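The chain contents come next:
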Amino acid sequence: MAPQNQGTELDLTWISEVQVNQPAVLRRAEQIQTRRTMKKDWQAAWLLKAVTFIDLTTLSGDDTSSNVQRLCYKAKYPIQEDLLKALDMQDIGITTAAVCVYPARVCDAVKALKDVGCKIPVASVATGFPAGQTHLKTRLEEIRLAVEDGAKEIDVVINRSLVLTGQWEVLYDEIRQFRKACGNAHLKTILATGELGSLTNVYKASMIAMMAGSDFIKTSTGKEAVNATFPVAIVMVRAIRDFFWKTGKKIGFKPAGGIRTAKDSLAWLSLIKEELGDEWLKPELFRIGASTLLSDIERQIYHHVTGRYAAYHDLPMA
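Residues numbered from 1 in each chain as written. Predicted model: local features only at pLDDT ≥ 70, side-chain atom pairs only at ≥ 80, totals over all residues. Heavy atoms only, no water.

Under an unreviewed UniProt entry, the name given to the protein chain is Deoxyribose-phosphate aldolase, and the source organism is Monodelphis domestica. UniProt lists a comment for the protein chain under the heading Sequence similarities (unreviewed entry), and it reads "Belongs to the DeoC/FbaB aldolase family. DeoC type 2 subfamily." (UniProt positions renumbered as here; feature names shortened; annotations may be inferred.)

(A) Layout of the sheet that holds strand β7 (residues 252-254). The strand order across the open sheet built from eight strands is β7-β6-β5-β4-β3-β2-β1-β8, with neighbouring strands paired in parallel fashion. With one partner strand each, in any of the chains shown, β7 and β8 (288-290) form the two edges of the open sheet. Between one strand and the next, the sheet's axes are offset by a mean angle of 25 degrees, whatever the strand orientation. Here three bridges tie strand β1 (residues 54-57) to β8, and the two strands are oriented parallel to one another. Bridge pairing links isoleucine 54 to isoleucine 288 in β8. Across the sheet, helix α10 (residues 230-247) is in contact with β6 (216-218) and β7; its angle to β7 comes to roughly 170 degrees. (Pairing = 2+ DSSP bridges. Helix = DSSP H or I, 4+ residues; strand = E, 2+ residues; numbered from the N terminus. Axes fitted to C-alpha atoms, helices over the stretch in contact; angles between N-to-C directions. Contact = heavy atoms within 4.5 Å.)

(B) View of the UniProt feature "active site" (unreviewed entry) in the protein chain. Using the residue numbers shown here, the UniProt feature "active site" (unreviewed entry) corresponds to Lys218 and Lys254. The greatest C-alpha distance among the annotated residues, which extend across 37 residues, is 4.5 Å, indicating that they converge on a single site. The annotated residues named above include Lys218 and Lys254 as those lining the largest pocket. Relative to the elements of secondary structure, lysine 218 occurs in strand β6. (1 Å grid on protein atoms, 1.4 Å probe; cavity = no way out; pocket = protein on both sides within 12 Å on 5 of 7 lines; lining within 4 Å.)

(C) Region of the structure containing the side chain of aspartate 55. When you line up the elements, aspartate 55 lands in strand β1. Here aspartate 55 falls in the buried class, since its relative accessible area comes to 0%. (Buried < 20%, exposed > 50% of the residue type's maximum accessible area, 1.4 Å probe, protein only.)

(D) View of the layout of surface pockets. In this model, the largest pocket occupies a volume close to 530 Å³. Forming the walls of the largest pocket are 25 residues, and the residues nearest its centre are Thr57, Thr58, Ala290, Ser291 and Thr292. In terms of residue count, helix α3 (residues 65-76) provides more of the lining of the largest pocket than any other element does, three residues in total. Of the residues belonging to the lining of the largest pocket, the class tally is eight nonpolar, twelve polar and five charged. Of the volumes computed, that of the second largest pocket is approximately 380 Å³. Along the wall of the second largest pocket there are 21 residues; nearest its centre are Ile32, Lys263, Leu266, Ala267 and Trp268. (Points joined across faces, edges and corners; volume = space filled by probe spheres on them. Nonpolar A, V, L, I, M, F, W, Y, C, P; charged D, E, K, R; others polar.)

(E) Examining unusual backbone geometry more closely. In this structure, the amide linkage connecting phenylalanine 129 to the following residue, proline 130, adopts the cis form with an omega of 5 degrees. Within the element layout of this structure, proline 130 appears in the loop between β3 (122-126) and α6 (136-148). Phi is positive for threonine 127, close to 60 degrees, though the residue is something other than glycine. Its place among the elements puts threonine 127 in the loop between β3 and α6.

(F) The pairing of strand β5 (residues 186-190), seen in detail. Of all five residues making up β5, five are buried, and the element is well covered by its neighbours. With burial as the criterion, each face of β5 is covered, one bearing His186, Lys188 and Ile190 and the other bearing Leu187 and Thr189. Bridge count for strand β4 (residues 153-157) against β5 is five bridges, and the pairing is parallel. For valine 156, the partnering residue across the bridge sits in β5 and is threonine 189. As paired elements, β5 and β6 share three bridges and run parallel to each other. Considered in β6, the bridge of threonine 189 is made with isoleucine 217. Traced from β5 through helix α9 (residues 199-211) to β6, the parallel crossover comes out right-handed. (Right-handed = clockwise from strand over helix to strand, strands pointing away.)

Quick look at the structure:
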């Protein structure tokens, strides 16, 4: 990961007069989604690159140690070896960027990754995920416990009511406390943009989160009615760009929720390349939160290599 963002002093003049031009954002989002994708070897190369950005995630009420173990094995071996050999990519060590689980499953994930000899980080959601409506003391303790259990990244969720009521100082102070509770772990702040009411609020919340010390800003929990969308992403990555211009600090971006197809992943990579540049196209600064995306990427790689689509038994998912 990149060095931690220690944040800046709260400066509300950065956001006091911000108004997002929604029609312009929607036009830009349409451009991203309708662009023709690359083909053949170029597409396969970009899909393999996309794998390295995935935070492979399981956040279900029926998670057990065994399904977390399978997930970790898949994180270490995301694409079947015979397919990688066909592409002459078997020796470069492709893995996902991280494994993301609930706090109670962090120990399981840490052990499973150690058992398969994989050093990718464990990310834990925290702070009353997904609603963020528990007491602040409880939310902070949840972070500390996840870090104690071995989580190297903490995906916190903000209390959306603070954005909807314009309580920017309180939001800043809460995220500062999340930053401190993380210790040496990296802080990824979920804005739950589908519940913030407007693109202007998305921009303001993004900027407050970065000022407060977030290493990443993330679109969604995956549990809202509306999750990662391109209009929201454009606003967030331009906030990241503005923050970089003001402070020199590079903050990461993580879309999550509803990203299921290989074609989707290529559109997200295009967005980052065009809006933030190649410097952000690395796992230290870009992640995709997903649980089913990897399966479709592997299917597309299989089709590229064999010329036919895989039967269910050809590519068993972890």
